[in-house]
Each structure stands twice: as C-alpha cells, then as structure tokens.
Amino acid sequence: EDLLTCESLNSYFLPQFEHHKNDQTFLDKVINLYTASGCENAEIYMAASEELYRFNSGPEEAHDLAMMFVAKGDYTKALKYLQLAVTGDDINNETRADWFYKLAVISSANQDYCDAISYAREAIVNKSDFGKAYLALGDGIIAASSRLTDEFDQRAAYWAAADKYAKAASVDPSVAPEARQKLADNQDQYPDKEEVFFRDMKEGASYLVAGCINENTTVRARK
C-alpha cells in the first residue's frame, strides 16, 4: 500500500512524463492511479489531464478541466478551458447558460468586470429565468462602475444594477431573498434629489449608463 503515496507515484511517473506524454495509454494510467490514490492535486495529474484533452477535446472535457483549475486557483487556465467549453456544438442551452455564468464568476474573481458583465448577459440569453446570472450581472455592473470617469455615472450604475436584482427576484424565487437584500443595500448609493435636479433630469426618465455597462435604465433619486 505504501507504493501508492503521492510521493512514490511522483517519483515513479515524473521521470517518464516528458517522454510518454503523447501516449494516451500512459496518460490514462497516470490519471487512474492518481485518482485511486487521492492525489488529484499533484502537478503531474493536472499536466496529464491537459495532455489527455488533446486526444479527447469535447465541451464536457473542457468544462471538467476548467473546474479542476478553479479548484487549484488557476483562473487563467480555468477561463481558457471554459471558453472552449461554451463554444461546443452539442450542449443544451441550460448547460451553456451554467457555463457562461461560471465564466462570469471567474472573470469577477479576476477583476475583469467588463468580461463578467458580458458573460452574465450570455448566460441570460441562454436561460431567461436564470436568477443567479441576473445577480452576477448586477454585481458586475456595480464592480465596473468604479472604473467610470464621471461620478454621477458611477452612482447611476446602481440604478442599472437594481434593475437586474429586481429582475432576478421576479424570475427566480430561489434567489428572491438575496436579490431583495441587494436591492435594499444599494439604494443608498443612488444620486440624491439635488444631483438629479441639477442635471435637469426627471425621475422615471430614461438614462444610458456609459462604458462597458452600456445599460438603459431609469432615473431614480435616493430616498
């Protein structure tokens, strides 16, 4: 049994890896033995999984690889494989929506908020009642607002985010409590009545939030 420690597996397989990495049977053996021994965190396991993807490169395989890299905290590689996964032909809309949502979450973790916004929108295109995607879109809008140059626009972004939280609550009961909490928490960030007045705006009028947010929303004043 001592043979199957992660260390002993490494010392056996590492010297062979470079030479055998184009051999599918060898890669399968690495994967199976490391899995059986609970050594899935080993570098060689990840490397073998990536090499194996070249032989078997379907969307599910790309997604599974992406999730392995998420677990390792390697978001760059996770994004790469998830981007490959969502372009697959034979996946249904529900699955594609879920994968776009994951792309949005990983992009947010990477502080790529414009990407997070566009991925969340793609998730919603594929599943119109996807509450978590609307929440992710709202969160992405707020995160991206700090990069807008105009302070009024930064505050107006909270209107656009509120629209998404309200939509989440209306289409998906499972996220409604969280959505309503976010709505309540963010109303303090709206522009106040004076700001709205001096911009010559009326409450209820239409307003386009700038930048990659690029959302039509409705003018509201802080209560």
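Here, every reference points to the structure presented above.
Just so we're clear, the structure is a prediction, and the values are computed from it rather than from any experiment.

(A) View of unusual backbone geometry. At Gln111, a residue that is not glycine, the phi angle is positive and equals roughly 65 degrees. You can see Gln111 is positioned in the loop between helix H6 (93-109) and helix H7 (113-126). Relative accessible area serves as the criterion here: at 48%, Gln111 is assigned to the partly exposed category.

(B) Just the packing of aromatic side chains, in detail. Summed over all chains, the structure comprises 12 aromatic pairs. A ring pair is formed by Tyr12 and Phe13, whose centres lie 4.8 Å apart and whose planes are at 80 degrees; its orientation type is edge-to-face. The partly exposed category is assigned to Tyr12, whose relative accessible area is 47%. Pairing Tyr53 with Tyr81 gives two aromatic rings, centres 5.3 Å apart and planes at 85 degrees, and the pair type is edge-to-face. Taken together, the residues Tyr53 in helix H3 (residues 43-55) and Tyr81 in helix H5 (residues 75-86) connect sequence positions 28 residues apart. This pair shows no difference in class: Tyr53 is buried, exactly as Tyr81 is. Taken together, the ring pairs in this structure connect Tyr12, Phe13, Phe17, Phe26 and Tyr34 into an aromatic cluster. In this arrangement the basic side chain of Lys127 is found over the ring face of Phe130, its NZ or CZ atom lying 4.8 Å from the centre.

(C) The nonpolar core, seen in detail. With 74 residues, the main nonpolar core has Tyr34, Ile141, Tyr207, Val209 and Ile213 as its most contacted residues. Looking at this core, the element that brings in the most residues is helix H9 (residues 151-171), giving 11 residues. Not counting residues within four places of it along the chain, the set of residues in contact with Val209 comprises Leu148, Asp153, Ala156, Ala157, Ala160, Asn214, Glu215 and Thr217.

(D) Structural context of the side chain of Glu215. Along the polypeptide, Glu215 turns up in strand E2 (residues 215-218). With relative accessibility at 13%, the residue Glu215 sits in the buried group. Non-local contacts of Glu215, meaning those with residues more than four positions away in its chain, are made with Arg121, Ile141, Ala160, Lys164, Tyr207, Leu208 and Val209.

(E) Layout of H9. Counted at 1.5 Å a residue, the expected span for H9 with its 21 residues is 30 Å, and the 31 Å between its end C-alpha atoms agrees. Put simply, Asp150 is the residue that caps the front of H9, since its side-chain oxygen is 3.0 Å from the backbone nitrogen of Phe152.

(F) Seen up close, the pattern of salt bridges. Applying the stated criterion across every chain yields a total of 12 salt bridges. Of the charged contacts in the structure, one is a salt bridge between Arg54 and Glu51, with a shortest N-O distance of 2.8 Å. Of the two residues, Arg54 and Glu51 are both situated in helix H3; the distance of 3 residues between them amounts to about one turn of the helix. Measuring nitrogen to oxygen at the nearest pair gives 3.3 Å for the salt bridge that ties Lys164 to Glu215. One end of the pair, Lys164, is in helix H9; the other, Glu215, is in strand E2, and 51 residues separate them in sequence. The pair Lys164 / Glu215 is uniform in exposure class, with both members buried. Shared partners join several salt bridges into a network, and the residues in it are Arg121, Lys164 and Glu215.

(G) Spotlight on the layout of surface pockets. Roughly 210 Å³ of internal volume is contained in the largest pocket. Those elements that place two or more of their residues in the lining of the largest pocket are helix H2 (24-36), H3 and helix H4 (59-72). Its residues assigned to classes, the lining of the largest pocket comprises 6 nonpolar, 3 polar and 3 charged.

(H) Spatial organisation of the state of the cysteines. Applying the stated criterion across every chain yields a total of 2 disulfides. Each disulfide pairs two cysteine sulfurs, and for Cys6 the partner residue is Cys39, the sulfurs being separated by 2.1 Å. Here the S-S torsion is close to -95 degrees, and the disulfide linking Cys6 with Cys39 is therefore left-handed. Here Cys6, found in helix H1 (residues 6-20), pairs with Cys39, found in the loop between H2 and H3; they are 33 residues apart in sequence, far enough to count as distant. Of note for the protein chain: the bonded cysteines, numbered N- to C-terminal, pair according to 1-2, 3-4.

Definitions and cut-offs
Residues numbered from 1 in each chain as written. Predicted model: local features only at pLDDT ≥ 70, side-chain atom pairs only at ≥ 80, totals over all residues. Heavy atoms only, no water. Helix = DSSP H or I, 4+ residues; strand = E, 2+ residues; numbered from the N terminus. Buried < 20%, exposed > 50% of the residue type's maximum accessible area, 1.4 Å probe, protein only. Phe/Tyr/Trp six-rings, centres within 6.5 Å; stacked < 30°, edge-to-face > 60°. Lys NZ or Arg CZ within 6 Å of the ring centre and 35° of its normal. Core = buried A, V, L, I, M, F, W, Y, C linked by side-chain atoms within 4.5 Å. Contact = heavy atoms within 4.5 Å. Expected span 1.5 Å × (residues − 1). Polar contact = N/O pair within 3.5 Å; in protein donor to acceptor, adjacent residues only side chain to side chain. Salt bridge = Lys/Arg side-chain N within 4 Å of Asp/Glu carboxyl O. 1 Å grid on protein atoms, 1.4 Å probe; cavity = no way out; pocket = protein on both sides within 12 Å on 5 of 7 lines; lining within 4 Å. Points joined across faces, edges and corners; volume = space filled by probe spheres on them. Nonpolar A, V, L, I, M, F, W, Y, C, P; charged D, E, K, R; others polar. Disulfide = S-S within 2.5 Å.

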